[in-house]
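Structural overview
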Amino acid sequence: MRYHLELVRSLVEPDTKVDQLSIAEEIPLNLGKVVFILFLGVSVSIVQAYYGLHTSGISHVITNYTASQFELAKLMIGLGGVLDALVSPLAYLMFTSVWFWVFLDETHYRQAFVVSTISIFILTIGNIALLPFEVLLGVQSATSPFALGVLAHLWTTNEYYIHFFGQLSLFFIAAMIYQIYAFSKIAYTRKWFLIVITVLAHLIMIVTSVFLLFLSNFLSVDLM
């Protein structure tokens, strides 16, 4: 049996598609679907760059630059967003695929790759859902109405805490739940262990993201 990756159907009929994945004898990586997901993410980042979103971090230094220098800085931020839209999903895909393949002995790498592909599709849907709030209301991803960052903003002004909780969105949790559900049917392992390694994998990625934000701010201050 050859498995066919169907992104939308995998979310609408997860039981059917996971059952197919668990018994499939041939599982193509289907990189075309990965490229499609990346295209969606890049499209979102281009819209964000067009409207000058996520430039609040440099607005306080606008008087230090000429108009052309400030526009160049906005362009660089926009290009950085496009690069992040390419690198972050790929890093998530590669890391989680290898992670589950290593920790779940009964799971083949291609099965883990398919599950992770569907997970980044869920996360991309989250980015698309947030876009109208960003464009129309100026909401930032860290204070998304779909995430805990907006609550963290009520009790702290520390941007690293806000960034941390801002990544705990409904879509982020949905991606984890999908992975737990899928691997619970694919791999013969204890449910508690599966939950632990799933949460741990995503916690590692969030902490890494916060560290990169800290490093970015540190370098920005150092270069100014």
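All values reported here derive from a predicted model rather than from experimental measurement. (Residues numbered from 1 in each chain as written. Predicted model: local features only at pLDDT ≥ 70, side-chain atom pairs only at ≥ 80, totals over all residues. Heavy atoms only, no water.)

**Some remarks on the packing of aromatic side chains**
Applying the stated rule across the entire model yields 12 aromatic pairs. A centroid spacing of 5.7 Å and a plane angle of 80 degrees characterise the contact between Trp101 and Tyr109, whose relative ring orientation is edge-to-face. A ring pair is formed by Tyr109 and Phe113, whose centres lie 6.2 Å apart and whose planes are at 45 degrees; its orientation type is tilted. Separated by four residues within a single helix, Tyr109 and Phe113 lie in helix α6 (residues 109-137), roughly one turn from each other. Given a relative accessible area of 3%, Phe113 falls into the buried group. An aromatic cluster of three or more residues is present, and its members are Trp155, Tyr161, Phe164 and Phe165. Between Lys17 and the ring centre of Tyr3, over which it is positioned, the NZ or CZ distance is 4.7 Å. (Phe/Tyr/Trp six-rings, centres within 6.5 Å; stacked < 30°, edge-to-face > 60°. Helix = DSSP H or I, 4+ residues; strand = E, 2+ residues; numbered from the N terminus. Buried < 20%, exposed > 50% of the residue type's maximum accessible area, 1.4 Å probe, protein only. Lys NZ or Arg CZ within 6 Å of the ring centre and 35° of its normal.)

**Concerning the environment of His163**
Tracing the chain through its elements places His163 in helix α8 (residues 159-166). Expressed as a C-alpha distance, the spacing of His163 and Val207, which sit 44 residues apart in the sequence, is 9.8 Å. Contact partners of His163, with chain neighbours within four places excluded, come to Ser209, Val210 and Leu213. (Contact = heavy atoms within 4.5 Å.)

**Re helix α3 (residues 31-50)**
For α3, with 20 residues, the first-to-last C-alpha span of 28 Å sits near the 28 Å given by 1.5 Å per residue. Buried within α3 are the following residues: Val34, Ile37, Leu38, Leu40, Gly41, Val42, Val44, Ser45 and Gln48. (Expected span 1.5 Å × (residues − 1).)

**Structural notes on a nonpolar patch on the surface**
A cluster of nonpolar side chains, Leu148, Val150, Leu151, Leu154, Trp155 and Tyr161, forms an exposed patch at the surface whose accessible area comes to about 650 Å². Structurally, Leu148 can be placed in the loop between α6 and α7 (149-155). (Patch = residues over 30% accessible without salt bridge, like charges linked within 9 Å, V, L, I, M, F, W, Y side chains within 5 Å. Areas by Shrake-Rupley, 256 points an atom, 1.4 Å probe, with all protein chains shown as cover. Salt bridge = Lys/Arg side-chain N within 4 Å of Asp/Glu carboxyl O.)

**Brief notes about the pattern of salt bridges**
Any two side chains of opposite charge can pair, so long as their charged atoms come close to each other. Applying the stated rule across the entire model yields five salt bridges. Residue Arg2 is joined to Glu26 by a salt bridge in which the shortest nitrogen-to-oxygen separation is 2.5 Å. Highlighted residues: Arg2 in the segment before α1 (7-12) and Glu26 in the loop between α2 (14-23) and α3, separated in sequence by 24 residues. Here the salt bridges share partners, and the residues they tie into one network are Glu6, Arg9, Glu13 and Lys17.

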